[in-house]
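Examining the three-dimensional arrangement
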Amino acid sequence: MPLVPPPPTIVLVHGAFTDASSWAEVISILHTAGLTVRAPANPLRGLAQDAAHIGSVVRDIDVPVVLVGHGYGGAVITHAATDADNVVALCYVAGFGLDTGESVLDITHRFAPAPVADATITAALPTQVPGGPDSELYIRRERFPQVYAADLPPRVKNAMSVAQRPIAQRALTSRSGAPAWASKPSWYAIATADRMLNPTAQRFMAQRMAATEYLLDGSHAVVLSQPAAVVAMIREAAERGDGRGDGDALRRTF
């Protein structure tokens, strides 16, 4: 009898202003479905450095991988998966699917400004590390619930606002290399009520990569507010990640 290939491991990469705990509900549902999950810390120090770290995690996994990126984590997986042969599918959750030479700010500036544009503050690092960033960004605590997580319960978004992980400013201006989505099947969950990354920008990136689209009525924190829909996309990618199916980009609405 032919050998049945092992199911892919799901690697979840968080974005800016949060940490791997943002995947908690998604992880719980994936575990219930019997899938193996990894949720490494994204350093948020710079695109090349962050992608190198995530790429090393992926290459240490000896089975196929579905790589999932939320927000800035999308830029990281785009860069990290280029030379990771075991990545069979990419999933973007309101994520930055950059093209060659693009930066995060190139995308955000190309479309109408989101409320986050005037909600961030820059802070100097208290301790300088040779070769490291000299400043990083936070979302103003009083603005965080509105611009990042409007559809979460008050206690959750208030806790997230004070537990932010800042992102190095240079991570937003770093230029991406050749995109992994050009050679790997991709899925994209568009958060239609996102106030961090313009939904029009999300749709543009999803269509550019010919991704299967999922339309989710949620904020940028959709990984917490709509985990079941996010998991539905990931599971589809895991099941079809060995090819592009019939080659047609699809759209599903939740």
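Higher on the page you've got the structure.
A brief look at the structure comes next. Just so it is clear, the model here is predicted, and its values are computed rather than measured.

**Observations concerning the overall build of the protein chain**
- In terms of helices and strands, the protein chain carries nine helices and 10 strands.
- Counting all 254 residues of the protein chain, 53% fall into the buried class.
- Here the contacts in the protein chain between residues at least 6 apart in sequence split such that 72% fall between residues at least 24 apart.
- As presented, the protein chain carries roughly 10,800 Å² of accessible surface, and 55% of it is formed by carbon and sulfur atoms.

**Focus on the pairing of strand β9 (residues 212-216)**
- Across the five residues of β9, five count as buried, placing the element largely inside the fold.
- Burial of the side chains of β9 extends over both faces: T212, Y214 and L216 are buried on one face and E213 and L215 on the other.
- Pairing analysis gives five bridges linking strand β8 (residues 186-191) to β9, with the strands arranged parallel. Counterpart to I190 in the pairing with β9 is L215.
- Once you follow β8 into helix α7 (residues 199-208) and on to β9, the crossover reads as right-handed.

**Topic: the packing of aromatic side chains**
- In total, this model carries three aromatic pairs according to the counting rule given.
- Between F111 and F204, the aromatic rings sit 5.6 Å apart at their centres with planes inclined by 50°, giving tilted as the arrangement. Within this pair, whereas F111 is found in the loop between α4 (104-110) and β5 (120-124), its partner F204 is found in helix α7, the two being separated by 93 residues in sequence.
- You can call F111 buried: its relative accessible area is 16%.
- Looking at F204, the relative accessible area reads 29%, which means it is partly exposed.

**Some remarks on the pattern of salt bridges**
- All told, the structure shown has six salt bridges when counted by the stated rule.
- The residue E102 makes a salt bridge to R208 at a minimum N-O spacing of 2.9 Å. Of this pair, E102 sits in the loop between β4 (87-93) and α4 while R208 is found in helix α7, placing the two residues 106 residues apart along the sequence.
- With a relative accessible area of 8%, E102 lands in the buried category.
- Accessibility expressed as a relative area gives 24% for R208, which makes it partly exposed.
- For D106, the salt bridge goes to R175, with nearest N and O atoms at 2.2 Å. On the criterion of sequence distance, the pair formed by D106 in helix α4 and R175 in the loop between β7 (167-168) and β8 is long-range, its members being 69 residues apart.

**Quick look at the environment of M205**
- As for its placement among the helices and strands, M205 is situated in helix α7.
- Note on M205: relative accessible area 0%, which makes it buried.
- Here the alpha-carbon distance between M205 and G95, two residues 110 residues apart in the chain, equals 8.8 Å.
- Not counting chain neighbours up to four residues away, the residues in contact with M205 comprise G95, F96, G97, I107, Y188 and L197.

**Here we look at the nonpolar core**
- Formed by 53 residues in total, the largest nonpolar core has its most connected members in F17, L67, Y72, L90, Y148, I167 and Y188.
- The contacts of L90, once residues within four sequence positions are left out, are L67, I77, A81, A180, W181, K184, P185, S186 and W187.
- One finds L12, L35, A189 and A237 within the second-largest nonpolar core, a separate group that totals 28 residues.

So, how was this worked out
Residues numbered from 1 in each chain as written. Predicted model: local features only at pLDDT ≥ 70, side-chain atom pairs only at ≥ 80, totals over all residues. Heavy atoms only, no water. Helix = DSSP H or I, 4+ residues; strand = E, 2+ residues; numbered from the N terminus. Buried < 20%, exposed > 50% of the residue type's maximum accessible area, 1.4 Å probe, protein only. Contact = heavy atoms within 4.5 Å. Areas by Shrake-Rupley, 256 points an atom, 1.4 Å probe, with all protein chains shown as cover. Pairing = 2+ DSSP bridges. Right-handed = clockwise from strand over helix to strand, strands pointing away. Phe/Tyr/Trp six-rings, centres within 6.5 Å; stacked < 30°, edge-to-face > 60°. Salt bridge = Lys/Arg side-chain N within 4 Å of Asp/Glu carboxyl O. Core = buried A, V, L, I, M, F, W, Y, C linked by side-chain atoms within 4.5 Å.

In short, the description is geometric, and any link to function would need to be established separately.
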